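An overview of the molecular structure
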Amino acid sequence: MKSTIVLFILGLFIATVQAAMLGANAERMARGLPRVRRPSFANKPKPSKKPAPPPKCDGVQECCEVLETAEEAKGILGLLGIHVPSDSIVGLECTRIVNGGLPCIFTRACCKEDFLGGAIAAECTRSDIFGLVLTGVF
């Protein structure tokens, strides 16, 4: 209890000394110094716009067991004679998700092309359950 009172008095003393050191704006301006501006949180500008929503899937929603780069999957793609851009993401062992479909226990992806009835999908990006593309996530 005593230490609380001592700390309170010490804090009050420091606050008083600091306030006295700043001086009133009238005194500062009389000496030719600029006004002291204290921060005001009441006039904080509001954000101008909401961030743009993530893009919707413009391909086919797939549930893929494996998502990997075309470079990593070139062995299986070469055996099947499938040619995809080397910088694209490929989904392996995929099934199409129709109208929301059953829950996907693997990785949801939005893919622009599919082969072998959707078992292999190309040019994929990860997506969420609403079909929104997750950018920057692999």
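Cut-offs and rules
- Residues numbered from 1 in each chain as written.
- Predicted model: local features only at pLDDT ≥ 70, side-chain atom pairs only at ≥ 80, totals over all residues.
- Heavy atoms only, no water.
- pLDDT = per-residue confidence, 0-100.
- Helix = DSSP H or I, 4+ residues; strand = E, 2+ residues; numbered from the N terminus.
- Salt bridge = Lys/Arg side-chain N within 4 Å of Asp/Glu carboxyl O.
- Buried < 20%, exposed > 50% of the residue type's maximum accessible area, 1.4 Å probe, protein only.
- Disulfide = S-S within 2.5 Å.

Digging into the confidence of the model for the protein
In this model, the protein carries a mean pLDDT of 77, and residues with pLDDT of at least 70 account for 72%. Highest mean pLDDT in the protein belongs to strand E2 (residues 89-96) (89); lowest belongs to helix H1 (residues 2-22) (70).

As for the pattern of salt bridges
One pass over the full model with this rule turns up 2 salt bridges. Lys 74 is the salt-bridge partner of Glu 71, the closest N and O atoms lying 3.1 Å from each other. Look at Glu 71 and you get partly exposed, because its relative accessible area is 45%. By relative accessible area, which is 52% here, Lys 74 ends up exposed. Between Asp 114 and Arg 96 there is a salt bridge, with its nearest N and O atoms 2.8 Å apart. Remark: Arg 96 occurs in strand E2 and Asp 114 occurs in strand E3 (residues 107-115); sequence separation between them is 18 residues. Judged by its relative accessible area of 23%, Asp 114 falls in the partly exposed class.

So, the state of the cysteines
Taken as a whole and judged by the stated rule, the model has 3 disulfides. Covalently, Cys 64 is tied to Cys 94 through a disulfide, its sulfur atoms 2.1 Å apart. Note on the Cys 64 and Cys 94 pair: the S-S dihedral is about 110°, so by sign convention the disulfide is right-handed. Separated by 30 residues along the polypeptide, Cys 64 in strand E1 (residues 60-69) and Cys 94 in strand E2 bring together distant segments of the chain. Taking the relative accessible area as the measure of exposure, Cys 64 reaches 0% and is therefore buried. Relative accessible area serves as the criterion here: at 6%, Cys 94 is assigned to the buried category. A disulfide bridge connects Cys 111 with Cys 124, and the sulfur atoms are separated by 2.1 Å. Disulfide Cys 111-Cys 124: the torsion about the S-S bond is 110°, which places it as right-handed.

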